[in-house]
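If you want the building blocks of each chain, they are given just below.
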Amino acid sequence: TLAAEHGHTTAQYTLGQLYLNGNGTIVALNPNKGIEWLSKAADNGNNDAAYVIATFLNHSGEKVSAVEWYKKGAMSGNTDAQHDLGVYYFNGWGGLEQDRETAASWYQRAANNGHEGAIMKLADCYENGWGVEKDRKHATKCKRPIAARTVSVANAWVLTAVLLIVAAICNG
């Protein structure tokens, strides 16, 4: 706690996570202290801290409070926060009016930084004309790299399975 108290952002973030999730060995569960430390970390430039607070509030059913933290995380460049803020706008959650154009723009920002969930949601927007001009070719173009990675991972698993079977057969 000493480093956190002296303004060390990573220590503030870590201590906030510990309090938020509880760790009987180091600290007891204390969500209020967790949010307090994570808030300090966010104020000191840790863009993951705002996202963690937003997610905690979202899972606690406090969607209205979560919105401000998603916005803070999204504005600081956290791609998960950008994606989730897009989801909030898309669905009109947390007191936000449903605004699919704004949702698509947040998906685009996260997609530009490689967030696969945002890429898929942006592709869905293009495919259906949600907040953007309908463009199925662009939707397919968005999905292609993810589909290629998925096939590549699947091929690696199949190869691993085949090698394990061959090894089992050879070793009797």
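Residues numbered from 1 in each chain as written. Predicted model: local features only at pLDDT ≥ 70, side-chain atom pairs only at ≥ 80, totals over all residues. Heavy atoms only, no water.

Every α-helix carries 3.6 residues per turn, so stepping three or four residues along brings you back to the same face. An ideal rise of 1.5 Å per residue puts 18 Å on 13 residues; helix α5 (residues 63-75) measures up with 18 Å between its terminal C-alpha atoms. All of the buried residues in α5 are Ala66, Val67, Trp69, Tyr70, Gly73 and Ala74. Within two residues after α5, Gly77 carries a phi angle of roughly 105°, on the positive side. (Helix = DSSP H or I, 4+ residues; strand = E, 2+ residues; numbered from the N terminus. Expected span 1.5 Å × (residues − 1). Buried < 20%, exposed > 50% of the residue type's maximum accessible area, 1.4 Å probe, protein only.)

The next point concerns the confidence of the model for the protein chain. Scored by pLDDT, the protein chain has a mean of 88; 86% of the residues are at 70 or more. Confidence, expressed as mean pLDDT per element, reaches its minimum in the protein chain at helix α9 (residues 136-170) with 66 and its maximum at helix α6 (residues 79-91) with 98. Scored below 50 in pLDDT, residues 150-155 makes zero contacts in the model with residues more than four places away or belonging to other chains. (pLDDT = per-residue confidence, 0-100. Contact = heavy atoms within 4.5 Å.)

If you look at soluble globular proteins, the nonpolar side chains tend to sit buried side by side. One finds Leu38, Trp69, Tyr70, Leu85 and Tyr107 to be the most contacted residues of the largest nonpolar core, which totals 39 residues. Breaking this core down by element, the ones donating at least two residues are α2 (9-21), α3 (31-43), α4 (47-59), α5, α6, α7 (100-112), α8 (116-128) and α9. Setting aside anything within four residues of it in sequence, one finds Leu85 in contact with Tyr70, Lys71, Ala74, Leu96 and Trp106. Formed by five residues, the second largest nonpolar core is a distinct cluster that contains Leu15, Tyr19, Val27 and Trp37. (Core = buried A, V, L, I, M, F, W, Y, C linked by side-chain atoms within 4.5 Å.)

Attention now goes to the pattern of salt bridges. For the structure shown, the criterion picks out five salt bridges. Residues Lys40 and Glu36 are paired through a salt bridge, measuring 3.7 Å at the closest nitrogen-oxygen approach. With Lys40 and Glu36 both in helix α3, this residue pair falls four residues apart, about one helical turn. Owing to a relative accessible area of 33%, Lys40 belongs among the partly exposed residues under this scheme. Ionic pairing is found between Lys72 and Asp43, a salt bridge with its closest N-O pair at 2.6 Å. Separated by 29 residues along the polypeptide, Lys72 in helix α5 and Asp43 in helix α3 bring together distant segments of the chain. The exposure class assigned to Asp43 is exposed, which follows from its relative accessible area of 53%. In the salt-bridge network here, residues are joined through shared partners; they are Asp124, Glu127 and Lys143. (Salt bridge = Lys/Arg side-chain N within 4 Å of Asp/Glu carboxyl O.)

With that settled, the discussion passes to the side chain of Gln12. When you line up the elements, Gln12 lands in helix α2. Overall, Gln12 belongs to the buried group, its relative accessible area being 3%.

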